[in-house]
Amino acid sequence: MAEESNSESESPATNDDCIGDRIHVFWEEGMLRHETGNGVFDTGIDPGFLDVLEKHPENADRVRNMVSILRRGPIGRFVTWHRGQAAKVNELTRFHSSEYISELEAADKAGGRDFAAGTFLNPGSWAAALLAAGTTISAMKYILDGHGKIGYALVRPPGHHAQPTQADGYCFLNNAGLAVHSALDAGCRKVAVIDIDVHYGNGTAEGFYRSNKVLTVSLHMNHGSWGPSHPQSGSIDELGEGDGFGYNLNIPLPNGSGDKGYEYAMKELVVPAIQEFRPDMMILVVGQDSSAFDPNGRQCLTMDGYRVTGRIIRGLADTYSNGRLLIVQEGGYHVTYSAYCLHATLEGTLNVSQPLLSDPIAYYPEYESSTIRAVDAIRRYFIAKAPFLKNFD
């Protein structure tokens, strides 16, 4: 696994330059070759009466800006760059069925296929998906081998909707799920996955729905099921099955929850759950589609909200997983603001004393009262239904 030279920014030195932490970013250019096309939003449809069609929201430009802001933005002095690699089939089948992998390989050989709404495997897509999966696994192994504490898998196509046997929601391979198996295979007893993408991380949840070794927590807008590829609703009663009952915690939040609403949910639901579960490895699944300006979400987070979330997750990692934290990229479709929100999230995980980058477009009004009521109701439900949360109070 090759390591790139560090990209230093030209920002003036601050007291935070003495921070010993670094973020180890794992990235491969080949992931840009996943072409998702143009049309009406994510449909790929040209109705014939529009002069200008838009790029599919999950396009390469969004990730190009994430790469560039980490290379040339103020946070660059805390970043070390690493190469990834393509995943092998025997790694993929730790999460996915061999039949499903064969289905994806056949679609690639045939020149492509539409797997679900907005989920197009085109020429180059399968190679990019293998790079995304393998790069995420590489980042996890780097942490597990003791080379660094905080890793960030900057990957596309995203993965958290990909179920063991089903593509969904722009996702083909479940990158975070594969990283979980890498951690368990390496001897971790318990792994916690906290997903703040605006959509329910249904694929990751499905993959560990019967396991008490993996706690999956998803904060998402209350969107429900969206069809055969996504039968899960993301509702609070989807708690897991068998040994895994109580270890899948869904936190569907009202639209417009905003920074304060998300902070309340983190402190009242996520933090106590991690305190009870006590994982020895943590994964933060990030999607900037929860932002105030994303075309695919309505949760109204700003950079401040992402920064606070990153700081909370870092605190939990320091307490329970010896500071070991893997961050895995998912959604985030505003081509410029997503990069800013990523920067803020990573600032939070570094515990910088002051923001390194100002917010270019927020303020956004918040109405957190409905979120507080929703979170309090979810908390009561979890205490009543999830056995391992009996001491939640």
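Details of the structure are given in the entry above.
As the structure is a prediction and not an experimental result, all values here were calculated from the model. (Residues numbered from 1 in each chain as written. Predicted model: local features only at pLDDT ≥ 70, side-chain atom pairs only at ≥ 80, totals over all residues. Heavy atoms only, no water.)

Undergrad: Would you mind showing me how to read a nonpolar patch on the surface here?
TA: On the surface, a nonpolar cluster with roughly 300 Å² of combined accessible area is contributed by V40, F49 and L50. Of note, V40 is situated in the loop between strand 2 (38-39) and strand 3 (54-55). The exposure class assigned to V40 is partly exposed, which follows from its relative accessible area of 35%. (Patch = residues over 30% accessible without salt bridge, like charges linked within 9 Å, V, L, I, M, F, W, Y side chains within 5 Å. Areas by Shrake-Rupley, 256 points an atom, 1.4 Å probe, with all protein chains shown as cover. Salt bridge = Lys/Arg side-chain N within 4 Å of Asp/Glu carboxyl O. Helix = DSSP H or I, 4+ residues; strand = E, 2+ residues; numbered from the N terminus. Buried < 20%, exposed > 50% of the residue type's maximum accessible area, 1.4 Å probe, protein only.)

Undergrad: Looking at this model, I keep getting lost on the nonpolar core. Mind explaining?
TA: Soluble globular proteins: nonpolar side chains tend toward being buried together. Counting residues in hydrophobic clusters, the biggest one holds 110 residues, and the most contacted among them are L70, Y152, L219 and I283. For this core, the leading source of residues is helix 4 (residues 125-144), giving twelve residues. Apart from residues lying up to four places away in sequence, I283 is in contact with M140, A176, A179, V180, V191, A192, V193, I194, L325, L326 and V328. (Core = buried A, V, L, I, M, F, W, Y, C linked by side-chain atoms within 4.5 Å. Contact = heavy atoms within 4.5 Å.)

Undergrad: Honestly, the packing of aromatic side chains in this entry has me stumped. Any pointers?
TA: Describing an aromatic ring pair means giving the distance of the ring centres and the angle of the ring planes. One pass over the structure, following the stated rule, counts eight aromatic pairs. Geometrically, the ring pair formed by F115 and F172 is edge-to-face, given 6.1 Å between the ring centres and 80° between the ring planes. Of this pair, F115 sits in strand 5 (residues 113-116) while F172 sits in the loop between strand 7 (150-153) and helix 5 (175-185); the two residues are 57 residues apart in sequence, bridging distant segments of the chain. Each member of the pair, F115 together with F172, is buried. Through successive ring pairs, a cluster of aromatic residues spans Y247, F277 and F388. One residue, K190, lies across the ring of F277, its end atom 5.1 Å from the ring centre. (Phe/Tyr/Trp six-rings, centres within 6.5 Å; stacked < 30°, edge-to-face > 60°. Lys NZ or Arg CZ within 6 Å of the ring centre and 35° of its normal.)

Undergrad: Please clarify how the pattern of salt bridges should be interpreted in this entry.
TA: Any two side chains of opposite charge can pair if their charged atoms end up close together. Per the counting criterion, the structure on display carries 16 salt bridges. In this structure, the salt-bridge partner of E28 is R83, at a minimum N-O distance of 2.6 Å. Highlighted residues: E28 in the loop between strand 1 (23-27) and strand 2 and R83 in strand 4 (residues 79-83), separated in sequence by 55 residues. Here the salt bridges share partners, and the residues they tie into one network are D21, R314 and D318.

Undergrad: I keep staring at the sheet that holds strand 12 (residues 325-329) and nothing clicks. Help me out?
TA: By definition, the strands of a sheet pair up through backbone hydrogen bonds, in either a parallel or an antiparallel sense. Ordered in space as 4-1-7-12-11-8-9-10, the eight strands form an open sheet in which the pairing is parallel. Two strands close off the open sheet at either side, each with one partner strand: strand 4 and strand 10 (248-253). Taking the axes of each pair of neighbouring strands and ignoring which way they run, one obtains an average angle of 15° across the sheet. Both strand 8 (residues 191-195) and strand 9 (residues 214-221) contribute to a ladder of five bridges, which runs parallel. Each bridged residue has a counterpart across the sheet, and for V193 the counterpart in strand 9 is T216. Here helix 5 sits on the sheet and contacts strand 8, strand 9, strand 11 (281-286) and strand 12; the angle it forms with strand 11, its principal contact strand, is near 175°. Across the face of the sheet, helix 9 (residues 337-350) comes into contact with strand 1, strand 7, strand 11 and strand 12 while running at roughly 175° to strand 12. (Pairing = 2+ DSSP bridges. Axes fitted to C-alpha atoms, helices over the stretch in contact; angles between N-to-C directions.)

Undergrad: Whenever I open this one, the packing of helix 4 against helix 5 confuses me. Can you help?
TA: Two quantities define a packed helix pair, namely the angle between the helix axes and the distance between the axes. Closest axis-to-axis distance for the helix 4/helix 5 pair is 9 Å, and the angle between their directions is 35°. Handedness of the helix 4/helix 5 crossing: right-handed. Taking contact as the criterion, the partners of A132, A133, T136, I137, M140, K141 and L144 in helix 4 are, on helix 5, N175, A176, L178, A179, S182 and A183. Within the contact of helix 4 with helix 5, the residues separate by chemical class into nine nonpolar, three polar and one charged. (Left-handed = near helix turned anticlockwise from the far one by under 90°. Nonpolar A, V, L, I, M, F, W, Y, C, P; charged D, E, K, R; others polar.)

Undergrad: Would you take a moment to explain the pairing of strand 4 for this structure?
TA: In terms of burial, strand 4 is a largely internal element, four of the five residues being buried. Here five bridges tie strand 1 to strand 4, and the two strands are oriented parallel to one another. The partner of F26 across the bridge, within strand 4, is H82.

Undergrad: Could you clarify how one ought to interpret the packing of helix 1 (residues 60-72) against helix 9 in this entry?
TA: At a closest axis distance of 8 Å, the pairing of helix 1 and helix 9 adopts a crossing angle of 45°. Considering the angle they form, helix 1 stands oblique to helix 9. Relative to helix 9, the crossing made by helix 1 is right-handed. The segment helix 1 lies against helix 9, with N65, M66, I69 and L70 engaging S338, A339, Y340, L342, H343 and L346. A breakdown of the residues in the contact of helix 1 with helix 9 according to their chemical character gives seven nonpolar, three polar and no charged. (Parallel < 35°, antiparallel > 145°, perpendicular 65-115°, else oblique.)

Undergrad: Got a minute to help me understand the pairing of strand 5 in this structure?
TA: In the case of a regular strand, side chains alternate between the two sheet surfaces. As judged from the three bridges shared by strand 5 and strand 6 (residues 119-121), these two strands associate in the antiparallel manner. Note that in strand 6 the partner of D114 across the bridge is F120. Between strand 5 and strand 6, which pair antiparallel and follow one another directly, the connecting turn spans two residues, one of which, G118, has a positive phi of 70°.

Taken by themselves, the reported measurements are silent on function.
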